[in-house]
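Read off the chains here:
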Amino acid sequence: MSVQDTFSNSSALIEQVQLQDPAAWKRFANLYGPLVYYWGRQFGLNPDDASDLAQDVFHTLWKRIDGYSSGNFRGWLLIVTKNVFRDRWRKDAQLLHARGGSDAQLMFDQIPDPLKDSSSQQNQQDESELLLLHRALEMIRDDFQESTWSAFWRMAIQNESAASIAESLKITESSVRHAKFRVLKRLKEELGRL
Amino acid sequence: MNQDEPEFMNPENDQLIEGLSELDELRERGLDSSRQMPTIHHLMDELDGYVRVLQEGEPSRGLEIIREPECERAVRGIALASLDQALLERTDRQSYSNEFTPGQTIGVYELLEPIGQGGMGTVYRARHQSLKREVALKVLPKWRTRHPRSILRFQREMQAVGQLDHPRVVKALDAGQADETYYLAMELVDGIDLSSLLKKCGTPSVGDVCEMIRQAAQGLQYIHEQGLVHRDIKFSNIMLGRDGMIKNQGNILCADCL
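Residues numbered from 1 in each chain as written. Chains lettered and ligands numbered in written order. Predicted model: local features only at pLDDT ≥ 70, side-chain atom pairs only at ≥ 80, totals over all residues. Heavy atoms only, no water.

Here we look at the overall build of chain B
At step 1: Helix and strand counts for chain B stand at seven helices and eleven strands.
At step 2: Within chain B, buried positions represent 40% of all 258 residues.
At step 3: Residue pairs in contact within chain B that sit at least 24 positions apart in sequence constitute 50% of those at least 6 positions apart.
At step 4: Here chain B displays about 14,300 Å² of accessible surface, and carbon together with sulfur accounts for 49% of that area. (Helix = DSSP H or I, 4+ residues; strand = E, 2+ residues; numbered from the N terminus. Buried < 20%, exposed > 50% of the residue type's maximum accessible area, 1.4 Å probe, protein only. Contact = heavy atoms within 4.5 Å. Areas by Shrake-Rupley, 256 points an atom, 1.4 Å probe, with all protein chains shown as cover.)

Topic: the overall build of chain A
At step 1: A count of helices and strands for chain A gives twelve helices and zero strands.
At step 2: Put simply, chain A runs from its N terminus to its C terminus through helices and strands in the order α-α-α-α-α-α-α-α-α-α-α-α.
At step 3: For chain A, the residues scored as buried account for 54% of the 194 residues in total.

What to know about the packing of aromatic side chains
All names here are of chain A.
At step 1: With the rule as written, the count across this model stands at 13 aromatic pairs over all chains.
At step 2: With centroids separated by 6.5 Å and ring planes inclined at 75°, the aromatic side chains of Phe152 and Trp153 adopt a geometry described as edge-to-face. Just as Phe152 is buried, Trp153 falls in that class too.
At step 3: Taken together, the aromatic side chains of Trp25, Phe28, Tyr32, Phe58, Phe73 and Trp76 make up a single cluster linked through ring pairs. (Phe/Tyr/Trp six-rings, centres within 6.5 Å; stacked < 30°, edge-to-face > 60°.)

Some remarks on the pairing of strand E5 (residues 172-178) of chain B
All names here are of chain B.
At step 1: Taken together, the six bridges between E5 and strand E6 (residues 181-187) define a ladder with antiparallel strand orientation. Across the sheet, the residue bridging to Asp174 is Ala185, located in E6.
At step 2: Turn length for the E5-E6 hairpin, with the two strands adjacent in sequence and antiparallel, is two residues, and the turn residue Asp179 shows positive phi of about 55°. (Pairing = 2+ DSSP bridges.)

Comments concerning the sheet that holds strand E7 (residues 191-193) of chain B
Residues and elements named next belong to chain B.
At step 1: Spatially, three strands are ordered E7-E9-E10 in an open sheet, and the strand pairing comes out antiparallel. Either end of the sheet is taken by a strand with one partner, and the two such strands are E7 and strand E10 (246-248). On average, each strand axis in the sheet is tilted by 25° relative to the strand beside it, whichever way the strands run.
At step 2: Pairing between strand E9 (residues 238-241) and E10: three bridges, direction antiparallel. Each residue of the ladder has a partner; that of Met239, found in E10, is Lys247. (Axes fitted to C-alpha atoms, helices over the stretch in contact; angles between N-to-C directions.)

What about the nonpolar core?
At step 1: Membership of the largest hydrophobic core comes to 69 residues, with the highest contact counts inside it found for Phe28, Tyr32, Val57, Phe58, Leu137, Phe152 and Leu187 of chain A.
At step 2: Of the residues forming this core, the biggest block, eleven residues, is contributed by helix H3 (residues 22-42) of chain A.
At step 3: Those residues in contact with Leu187 of chain A that sit more than four places away from it in its chain are Leu133, Ala136, Leu137 and Ile140 of chain A together with Tyr50 and Leu54 of chain B.
At step 4: In terms of nonpolar packing, the next biggest core, distinct from the first, is built from eleven residues, Leu111, Tyr124, Ala126 and Val139 of chain B among them. (Core = buried A, V, L, I, M, F, W, Y, C linked by side-chain atoms within 4.5 Å.)

Side note on a nonpolar patch on the surface
At step 1: A cluster of nonpolar side chains, Leu198, Ile213 and Phe235 of chain B, forms an exposed patch at the surface whose accessible area comes to about 240 Å².
At step 2: When its relative accessible area of 31% is taken as the criterion, Leu198 of chain B is described as partly exposed. (Patch = residues over 30% accessible without salt bridge, like charges linked within 9 Å, V, L, I, M, F, W, Y side chains within 5 Å. Salt bridge = Lys/Arg side-chain N within 4 Å of Asp/Glu carboxyl O.)

Examining the packing of helix H9 (residues 127-140) of chain A against helix H12 (residues 173-192) of chain A
Residues and elements named next belong to chain A.
At step 1: H12 packs onto H9 with a crossing angle of 110° between their chain directions and a minimal axis gap of 10 Å. Relative to H12, the element H9 lies roughly perpendicular. Contact with H9, carried on its side by Leu132, Leu133, Ala136, Leu137, Met139 and Ile140, involves Val183, Arg186, Leu187, Glu190 and Leu191 of H12 and no other residues of that element.
At step 2: Among the residues making up the contact of H9 with H12, the classes are represented as nine nonpolar, no polar and two charged. (Parallel < 35°, antiparallel > 145°, perpendicular 65-115°, else oblique. Nonpolar A, V, L, I, M, F, W, Y, C, P; charged D, E, K, R; others polar.)

A short note on the pattern of salt bridges
At step 1: The tally for this structure, following the rule as stated, stands at 30 salt bridges over all chains.
At step 2: As a salt-bridge pair, Glu68 of chain B and Arg41 of chain A come within 2.8 Å of each other at their nearest N and O atoms. Pair noted here: Glu68 of chain B is in the loop between helix H3 (60-66) and helix H4 (69-80) and Arg41 of chain A is in helix H3, and the two residues belong to different chains.
At step 3: The exposure class of Glu68 of chain B is buried, given its relative accessible area of 15%.
At step 4: Between Glu138 of chain A and Arg67 of chain B there is a salt bridge, with its nearest N and O atoms 2.6 Å apart. With one member in each of two chains, Glu138 of chain A in helix H9 and Arg67 of chain B in the loop between H3 and H4 form a pair that bridges those chains.

Some words on the confidence of the model for chain B
All names here are of chain B.
At step 1: Of all residues in chain B, 77% attain a pLDDT of 70 or more, and the chain-wide mean is 79.
At step 2: Per-element confidence in chain B ranges from a low mean pLDDT of 61 for strand E11 (residues 252-254) to a high of 93 for helix H7 (residues 206-225).
At step 3: Ignoring residues within four places in sequence, the model shows residues 1-9, a span with pLDDT below 50, making 22 contacts including any to other chains.
At step 4: For residues 82-98, every residue scores under 50 in pLDDT, and the model assigns this stretch 37 contacts once sequence neighbours within four places are set aside. (pLDDT = per-residue confidence, 0-100.)

Structural notes on the pairing of E9 of chain B
Residue and element names in this part refer to chain B.
At step 1: Residues Ile238 and Leu240 line one face of E9 and the alternating positions Met239 and Gly241 line the opposite face, and both faces are buried.
At step 2: As judged from the three bridges shared by E7 and E9, these two strands associate in the antiparallel manner. Its bridge partner being in E9, Gly191 is matched across the sheet by Gly241.
At step 3: In sequence, E9 turns back onto E10 through a hairpin of four residues, with Gly244 there showing a positive phi of about 80°.

This is the structure we're talking about:
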């Protein structure tokens, strides 16, 4: 399974949403709501409008979620977001120019449409993917002790060596690795299922 | 490091974490040539994938954006939508969390209608039952009270605003707790906020704008002199009363709470 699939298939979570599990819906909202809000802001919307966009998108999603079966979920979500944006703010398309100038328009056009060019997707600097991961990390942060989190962060994100972290935290190297994998495994669970 | 994480105490999980750690070390040393246990290698590759992306750094601009209060409002609106209904109801700027219904009382205040949504809670037009005086009642929703940090922040705001007494700043009148609900009663301004004013009437004359900003600045100056900071300066937090006077409102906190 490629990295691409890992991020784009939240199939277990979506399945639970399709089954109308309220807890899954809340988890889903917390994970993907901010991503849609972020896209809205990237399109040049102000915070209030981006908030409205996100809520409209999820309203639409709810109606269409049964139509999603598998494949690139994030890509599908982006398409729905763009469509909702166009439908509602089409008249305000010139606002894209007024607010953000041609940069905002360019941003809108350049947000990769993953269904089109899937091979280059992995190589593209897609901040959306990174943002989703960090959002998930924020959501699980409180489940871990400070020391565990610190070991994880320094090793997995700051690329510090296990030996160096072990020495400064006064623990064994294997404890450092354990911490890293505990968090990573939890991260995978957060993205994939309840 | 194990002790305080009960969910990870099951032996199966520990074995898995142990296996991953060992494999990680082997890989680091270049000693992992065989793939004898495909499942764990598969999982390892997947988790490595996350690490690769995470090492691209922190999406600081993106994180800044999703920390905006409007984002939280959106998430809350989405999450609160009832799945029992055929259609989701959108929480827009005019309709609010259905935790409180107009007519309901909080302490001695009767809620009349919602008039605003702050970062920390909803603001209602409310009436003191004995005094019959109308106020702007800021209410910390019950779901927030599960987080002690939220209560602390609300209390700090109450204390900060309670100290203020200036014609250009909305006054705090009362604060308290009724059942599990925290509230802050403030002066109700009979007027309009500048953001709405601009939308309704367009840009005022230069003279009017200067005068309005001058008055708002006086209020902010006073706030600073008290050692406080207005955390949320924007047009929707500047009120223009019917009497033609400007008042500042919004998120005021002690300066060292930044």
